[in-house]
Structures are given as structure tokens and as C-alpha cells.
Amino acid sequence: MKKRIVQFVLFVLLLFFADRIIGLALKMFYVKTNFIEIAKTRYSLNSTSQDVLIFGSSRAQHHYIPDIIAQKTGLSCYNCGLGGQGLTFSYIQIHETLERYKPKLIILDLSPNLFFDPFSDQKLKIFLPYYSKDTLIRNTLTKGSPFETYKFLSAIYPYNSTIYNILIAILNNHKFNTSGYVPLSGTLDTTALTQYTHNNTQIQLPIKDARIILKIIAECKINKVNLMFIVSPAYRKSELDYQIIKQLATLSASNDIPFVDFSEIDIIRYHKEFFRDNLHLNNTGAIIFSNEIAVYLQKAEKDILKLPLKVRTEIR
Amino acid sequence: MFYPQLVAGPIERPQNLLHQFYEKHYFEYERIIEGLKLMLWGLFMKLVIADRLAIYVNTVYNHAGQHSGKTLALATILFAFQIYCDFAGYSNIAIGAAKVMGFKLMTNFNRPYFSRSISEFWKRWHISLSTWFRDYLYISLGGNRVSVPRWYVNLFLVFTISGLWHGANWTYIIWGAINGFYLVIAVVTEKWRENIGKFIYLDRVPKINNVFQILITFVLACFAWVFFRAESASQALYIVKSIIAFKGPLFVDAPQLAYSAFAILFLLLIEFRLEYRHHSQLPFKSKYWFVEQSAYVFLIVILLTTGVFDGSQFIYFQF
């Protein structure tokens, strides 16, 4: 029996040390890797200091070119948008940013497709390594399962499913993306587009997402940081898109937040050569759009960047 | 209620299980450790292999119309491993949990993808269900102790009904019928296949012959799995046609495919060793205590590093 107890204790110690050592090694690689998703999340949570920050999903990441905005407005700019992520991700990014400093302007790209992704909560695993950083992150990660807290007893678990990304970044010698913008190449193939049919179904903005938007608004107001919502271009919008945009505009207006809908601006609309696919601009389209944003910010600077916030709800 | 096998088997027989409830069970260190190791292996199969493969499989099968034949073929192969690891993983957890408490449940899976024929496949896959159908339906219908045409009908009928057991959907019934059809054809063509094997000298190279038979059996199983996984019979037929046409680019989700390839390779290495060397249900066995324990620590490390912890359901919970 004594031998069994010794064996059991030895096994537990072996497991403990393996977990700690491998966890530490993964952490060392994780904090240094330039794999885009990891590096951007790390930078946006810990290190941004720019005047203008852009948040959102892939449409933010691939549409807004910070260098163009910076050049025209004279304000430093960083694109925190990340493909595949939803509103909760942006909210956590904004919350962590405001804990550190107050940018002059936060732009949140609101795309209708942000609101109906059933897997958006699962993608928040990207915050696992930041579990101990903040109560908001901790509560978000442990919301779905009562056992999540116990998994964090492991030093390896926070780096779950990151090993491939870390290896790829090392093998391909990824460099840190200093602007956050990721250009897309290619041109839209319109023959493959879904034909939308009109129907009378009323689609509501999900309550959960409306609450997150209100939380973002509240945090920016408490911290006296200018916030604006933008809908960036899409090639073809569906009935759902129109309804959601209208509801977002109403929500923004009722909370005194500038809302600008660029989804159908003439210079880009119907030009398939500016789109990579129905929802994403290619690099050429992003350059044109970023110039439009920069010009808009220049003209609206007096309104947008000075307090009190001026209400502007525009459908461009 | 005996919770380990309550929800998804193994389907135990009263003569095997009931008497165990009246026996005294004692603390036995080795038995408990073996039970825990089996549970760990089952958890590994579920979280590292099955749930990882499910990410790619679900992406493709849930939007089958948007994917090429090559992608659908790959997704089907991955599904074959997903359903095996999901179900066998659960069985291992159930059997391991019962073992910890001193109860012995029957083995439910015996490395089915090493089968050299469909007949052998059904002696290794969901053993508790297939033996139940054999004992209570096939033999009741007369088994093979009837005329030859009646024997074929019995085989076909039993498997079609086993498909129906999985759910009231044509896809399951067709899946069962396909397996029944395979068995009938296997019996009918047995002599021809033997003669063909001799004609092309396959019988003189038993290892190559084994590999060939294993691959053929796997392909046949995969074809049937298309119907099991598809949402409808028409979708299944569309998928089969696309796979046969084999056109279009392959959908590459690099991280998921990399993890999936690693997981399947790991599984095959372990099972190859178990099949041809150690004939055990436990993945690691060594005469050196430290080596064996290190192997299980390694298993836990891989589970923490690459396991999918999104709380997904076991596939067979729905049946």
C-alpha cells in the first residue's frame, strides 16, 4: 500500500512539473509570437496608444487602412479589428483599452453579419491566456461552464489550440503588423452570389448584442471618449442587412452616438472590382474607403472630436 | 440506474450485469488505476480527436452544396474517425468508470478500422448492439440455418432494422440497408474473391493483402457513413455524386486539418500497436513503471494542448 501511495504521489508530481514547464514554454512563445490573431489581441489589450482605434470583425480588419486615416487627419491610428470575432470580443478590447488610456476616437464597425454567428462565444477562447488579467475576461470565459475555473489550474490550458499558430509564425517568420490592417486580394465573382428574395419577415437585433452595444456606449461615455459607429461597404445587402442597419441607427440616435452608414457609398457601390467577396473589400476598395473615412473625419472633426458629442445619424 | 452505461451503452445483458450488483466490490488499486486510464483514453478520443474532426466535418456537411467533391470526400473520411472516436471514447469512459467501481462491462469497440471485411467490421463495431441484434433478431429469424435466399433476406433485414434503431430517418435506414447489402454481397462473392486473390497472387503476399482488404473495408464503411451523416437522403446522394465527380478545389482550414491529421496519426499509431502487439484496450503498457506513467502524462499534456473544450455533445446520446 505504501508503494502505491508513493507511486500515486510521483505521478501527480510528474504531471504537475510537466504542466508547469510546458505551460511556461508555451507562454514564452505566445507572448513573442507575431501570428496575426494572437499578436493583434495582445497588442490591442496591452499596448495601443493611438488617437484613433478601429474595432470590429473581419470587415474592420480588411476595410480600414490606419496609415491613410493618420496621414489625412494627423491623428495616429490602429486597426484592432479581427476576422471571425463578434461584438463581445470588441467590447472586451474596448474595455481593456479604456482601462489603460483614453483615445480621442473609437470607431466600431457594425456589420449586420456580426449579430447572427452561433459560434461567436466559442471564438472568445482567444482570451484564455488573459484569464487572470481582468474580471470581465474571467467572467466571460467562465460563463458557459462551471468547470472552466478548474481548467485554469493547468498552466497549459490557457494556451490550448495555439501551438499550430505559434509554429506557423515561427516557420514563416511572421513580422508584427504595425497598423493592424490586413489587405485582401482578388475580385468578387458575382455569378456565385446568393440571390436575395424580399420577404416580409421582421428581424430583430438580438437582445444580447443590443446590450453589448449599450455597454460599449456606457463605457465610452463614462470615460468621456468619443465613439462612432460605421457600417462599411458591402457589395449586395440582404433584407436582414437593411433591417438591422435601421435598428442600429435608431439605437445609436437614442444614445447620442454618431452613426454613419457607408454601406452603399456611390464611389464603391456596384463596383465588383473593389470587392474580394460580397462582404469584404479588396485592397483597392479599402484604399478608396479609407480615404472616404479620412475625409469624413476631417470635415466632422470639430463635431466628433470635441465634447459634448454631436448627434449625427447619416445614411450615406 | 447504473449511470456509466445508462445513456449510450454498452448495451449490457442482464446475465452479465445484474449479478454484479449483488456482489461485494473491494478497493483494488490496480483495477481503479486501469479504470481511470481507460477513462482518460476515452476523454482523449472524444476531446482531442472526435471534437477536433467535428469542426471541419460540420463546416463542410452543414453547407454541402458549397463544397467540392474533394472536400466532401475528405470530410467523409474525417467523419469516419469522428464517429468512431466519439462513440468509442464514450464507451471507454463508461467502461472505465464502471471498472473504477468494480463493475465489468463488455467491450464495445475493438479497433473496427483494422477489419478486413464488413463481416469482421460488425464484429468490432458497436459490439453490444450488433450482438444484441444477432441474438434476438437474426437468430430468431433463423440466422443462416434456413434456405440460402432466406439467409440473405435475414442478413439484409437485420441490418436495415438496426439502421432504423438509430432514428426514424431514411438516412439511417439506408445506412443500415447498405451494410446489409455489403454482407449479402460478401457472402455471394466469397468464392469469386478468393479466386481473384489467387489469380493476382495476393494470397502470396499476406501483409499487402491485409492492407488491401483493410483499405477496401474502410472505403465501403465511409460510403455508408455518408448516409449516416447527411441530413437527408437527397443530400447524401448529392454528396456521393460530388465525391465520384471529384472536382473543384479542396477547402483548406489549415489549423483544423493540421490538428486533425496529428490526432488521426496518433490514434492509428496507438491502435496499430494494440492490434498487432499488445491486444489491450489501454493505449500504453510498459514493464517500466516510469515509462508507462510518462506516457499517460504525455496524453494529458496533448489533451490540454490540443483538446476541444467547447462542451459539445456525444453523437450517440441522440440515439
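Conventions and cut-offs
Residues numbered from 1 in each chain as written. Chains lettered and ligands numbered in written order. Predicted model: local features only at pLDDT ≥ 70, side-chain atom pairs only at ≥ 80, totals over all residues. Heavy atoms only, no water. Helix = DSSP H or I, 4+ residues; strand = E, 2+ residues; numbered from the N terminus. Rg over C-alpha atoms; globule rule 2.2 N^0.38 Å. Contact = heavy atoms within 4.5 Å. Areas by Shrake-Rupley, 256 points an atom, 1.4 Å probe, with all protein chains shown as cover. Lys, Arg positive; Asp, Glu negative; His and termini not counted. Charge placed at Lys NZ, Arg CZ, Asp CG, Glu CD. Buried < 20%, exposed > 50% of the residue type's maximum accessible area, 1.4 Å probe, protein only. Disulfide = S-S within 2.5 Å. Core = buried A, V, L, I, M, F, W, Y, C linked by side-chain atoms within 4.5 Å. Buried area = accessible area lost by both parts, 1.4 Å probe. Salt bridge = Lys/Arg side-chain N within 4 Å of Asp/Glu carboxyl O. Polar contact = N/O pair within 3.5 Å; in protein donor to acceptor, adjacent residues only side chain to side chain. Nonpolar A, V, L, I, M, F, W, Y, C, P; charged D, E, K, R; others polar. Pairing = 2+ DSSP bridges.

1. Some remarks on the overall build of chain A
Thinking step 1. On a plain count of helices and strands, chain A comes out with eleven helices and six strands.
Thinking step 2. Over its C-alpha atoms chain A spans a radius of gyration of 22 Å, differing by no more than 12% from the 20 Å that the globule rule assigns to 316 residues.
Thinking step 3. Principal-axis analysis of the C-alpha atoms places the extent of chain A at approximately 80 × 45 × 45 Å.
Thinking step 4. Across chain A, contacts joining residues at least 24 apart in sequence account for 81% of those joining residues at least 6 apart.
Thinking step 5. With an accessible surface of roughly 15100 Å², chain A has 59% of that area assigned to carbon and sulfur atoms.
Thinking step 6. Where the 37 positive side-chain charges of chain A centre and where its 26 negative ones centre are 8 Å apart.

2. Details of the overall build of chain B
Thinking step 1. When its secondary structure is counted, chain B shows twelve helices and zero strands.
Thinking step 2. Counted from the first residue to the last, chain B has its helices and strands arranged as α-α-α-α-α-α-α-α-α-α-α-α.
Thinking step 3. Against the 2.2 N^0.38 benchmark of 20 Å for 319 residues, chain B shows a C-alpha radius of gyration of 21 Å, consistent with a compact globule.
Thinking step 4. Each principal axis of the C-alpha distribution contributes one length, and for chain B these read about 55 × 50 × 45 Å.
Thinking step 5. Taken across its 319 residues, chain B has 52% of its residues classed as buried.
Thinking step 6. Taking contacts inside chain B between residues at least 6 apart in sequence as the whole, the part at least 24 apart equals 73%.
Thinking step 7. For chain B, the computed accessible surface area is about 15900 Å², with 67% contributed by carbon and sulfur atoms.
Thinking step 8. Of the side-chain charges in chain B, 28 are positive and 18 negative, and the distance between the mean point of each set is 6 Å.

3. Quick notes on the state of the cysteines
Residues and elements named next belong to chain A.
Thinking step 1. For the coordinates displayed, the defined rule picks out zero disulfides over all chains.
Thinking step 2. C77 carries a free sulfur, and the closest cysteine sulfur to it, the one in C80, is 8.7 Å from it.
Thinking step 3. The exposure class assigned to C80 is buried, which follows from its relative accessible area of 1%.

4. Describing the environment of E148 of chain A
All names here are of chain A.
Thinking step 1. Relative to the assigned elements, E148 resides in helix α7 (residues 148–151).
Thinking step 2. Sequence separation of E148 and R138 is ten residues, and the distance between their C-alpha atoms is 9.7 Å.
Thinking step 3. Among residues more than four places away in sequence, those in contact with E148 are L128, L141, T142 and Y157.

5. Looking at the nonpolar core
Thinking step 1. Core analysis: the biggest nonpolar cluster contains 140 residues, and F127 of chain A together with Y113 and W225 of chain B have the highest contact counts within it.
Thinking step 2. Looking at this core, the element that brings in the most residues is helix α2 (residues 29–61) of chain B, giving 14 residues.
Thinking step 3. In this view, W225 of chain B contacts F79, A80, I83, Y113, F121, W125 and W175 of chain B; residues no more than four positions away in its chain are not counted.

6. A word on the interface of chain B and chain A
Thinking step 1. Listed as interface residues are 24 residues of chain B and, on the opposing side, 25 residues of chain A.
Thinking step 2. Broken down residue by residue, the surface that chain B buries against chain A is led by Y29, W289 and L304 of chain B, which jointly contribute 28%.
Thinking step 3. Across the salt bridge formed by R4 of chain A and E30 of chain B, the nearest N and O atoms sit 2.0 Å from each other.
Thinking step 4. Our enumeration of links across chain B and chain A arrives at nine residue pairs in polar contact (both at pLDDT 80 or more).
Thinking step 5. At the level of elements, α2, α11 (254–278) and α12 (289–306) of chain B are the ones that each hand at least two residues to the side of chain B that touches chain A.
Thinking step 6. It is α12 of chain B that provides the largest number of residues to the side of chain B that touches chain A, a total of twelve residues.
Thinking step 7. Among the residues forming the side of chain B that touches chain A, the class breakdown is 16 nonpolar, five polar and three charged.

7. As for unusual backbone geometry
Thinking step 1. Unusually for a residue other than glycine, S161 of chain A sits at a positive phi of about 60°.
Thinking step 2. Residue placement: S161 of chain A occurs in the loop between α7 and α8 (163–171).

8. Quick look at the pairing of strand β1 (residues 52–55) of chain A
All names here are of chain A.
Thinking step 1. The two faces of β1 match: V52 and I54 on one face and L53 and F55 on the other face are all buried.
Thinking step 2. Relative to strand β2 (residues 77–79), β1 runs parallel, the two sharing three bridges. Residue pairing for β2: L53 is matched across the bridge by Y78.

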